Amino acid sequence: TDFEYTVEGKPNNGDMFISVNDAGGPGSVGGTSKTQYLLGNPYPSAIDVNAFIADNAGLINGAVYLWEQWAGNSHILNQYEGGYATLNFVGGTKAYQFVGLNGDNTGVQGGTKTPKRYIPVAQGFMTEIVGSGNVEFNNDQRVFKTEVSGDSQFLRSTAATTPDANDSELQVMRLEFETSSHLTRELLLAFGNNTGDDVFDYGYDAGRVYNNTADLNLNYGWKNMNIQAYNPITVDKGIPLNFTSSTNNSFEIKITVLENIAEDQEIYLTDNLTGE
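In this text, all values refer to a predicted model and were calculated from it rather than measured experimentally.

About the cut-offs
- Residues numbered from 1 in each chain as written.
- Predicted model: local features only at pLDDT ≥ 70, side-chain atom pairs only at ≥ 80, totals over all residues.
- Heavy atoms only, no water.
- 1 Å grid on protein atoms, 1.4 Å probe; cavity = no way out; pocket = protein on both sides within 12 Å on 5 of 7 lines; lining within 4 Å.
- Points joined across faces, edges and corners; volume = space filled by probe spheres on them.
- Helix = DSSP H or I, 4+ residues; strand = E, 2+ residues; numbered from the N terminus.
- Nonpolar A, V, L, I, M, F, W, Y, C, P; charged D, E, K, R; others polar.
- Pairing = 2+ DSSP bridges.

Moving on: empty space enclosed by the protein. Considering only enclosed or pocket space, the largest cavity measures out at about 50 Å³ in volume. Around the largest cavity, the lining residues are Tyr84, Thr86, Thr93, Lys94, Tyr96, Arg185, Glu186, Val209 and Asn226. Elements supplying a minimum of two residues to the lining of the largest cavity: β5 (81–87) and β12 (184–191). Of the residues contributing to the lining of the largest cavity, the split by class is three nonpolar, three polar and three charged.

Both strand β14 (residues 215–220) and strand β16 (residues 241–244) contribute to a ladder of four bridges, which runs antiparallel. Bridge assignment links leucine 216 to a residue of β16, and that residue is phenylalanine 243. The pairing of β14 with strand β15 (residues 223–230) spans three bridges and is antiparallel. Residue leucine 218 lies in a different strand from β15, and its bridge partner there is methionine 225. Between the end of β14 and the start of β15, which pair antiparallel, lie two residues, with glycine 221 showing a positive phi angle near 60°.

What follows concerns the layout of surface pockets. Regions of empty space are outlined by a rolling probe, equal in size to a water molecule, passed over the atoms. Roughly 1000 Å³ of internal volume is contained in the largest pocket. Mapped onto the lining of the largest pocket, the elements with two or more residues apiece are β11 (171–179), β12, β16 and β17 (251–259). Class assignment of the residues belonging to the lining of the largest pocket gives a composition of 16 nonpolar, six polar and four charged.

No statement about biological role is implied by the geometric values presented.
Okay, here's the thing in structure tokens:
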């Protein structure tokens, strides 16, 4: 997508639109093909990703994906050492090693940066298009949030009501899955009164970007998810996790962050094969 927003040499300002068309059919939530667009923050200020997602309901899948390259300098696709981080209303998950067209990857680590709610100046990002029309940027999405303050995170080499994730009553759990080769997958689970177990919650759910032979994902129908929102926590609540492995190996699954979840809340990881 070409960006030609500068008017008379002045900084970009006001409403801006990108014409998009869903040519690939359903994608990360309902099908096997998808249409992705490369976009970017066009303003000389940060933008609120929650506002951007809310303003573009019906056109995008409710998440944005930001590339981080943590090592390597090759232009050969299957030698990339990087991947896409995911960001939506719930929060962000670190990038997972890019998987090339032939299914291989060469990386031995996951992303090093967690994307923040506020997208900084000049940051590019991908989004999946699920409708046809005009993706909108506007001044109401703009905020004064700097990288120095830690409110925004630039990832690079080395008309609904906008939810306020910081002030919400969402209970959030961050899981980390690590393989013996130190590839890591982050998963983000959210529990709230306005999200559901068996429905796609726009802006709160995000599909996995690409497949890997050893992986852990959240489940929505038959689809593997990276971020998923549910009804509130109850004593008998169970969350299905999709685990895959091509070899007999060892893996680590751990909780790294709990937000708004009581310290005495009992949480179990159940092995459906052994019953443990």
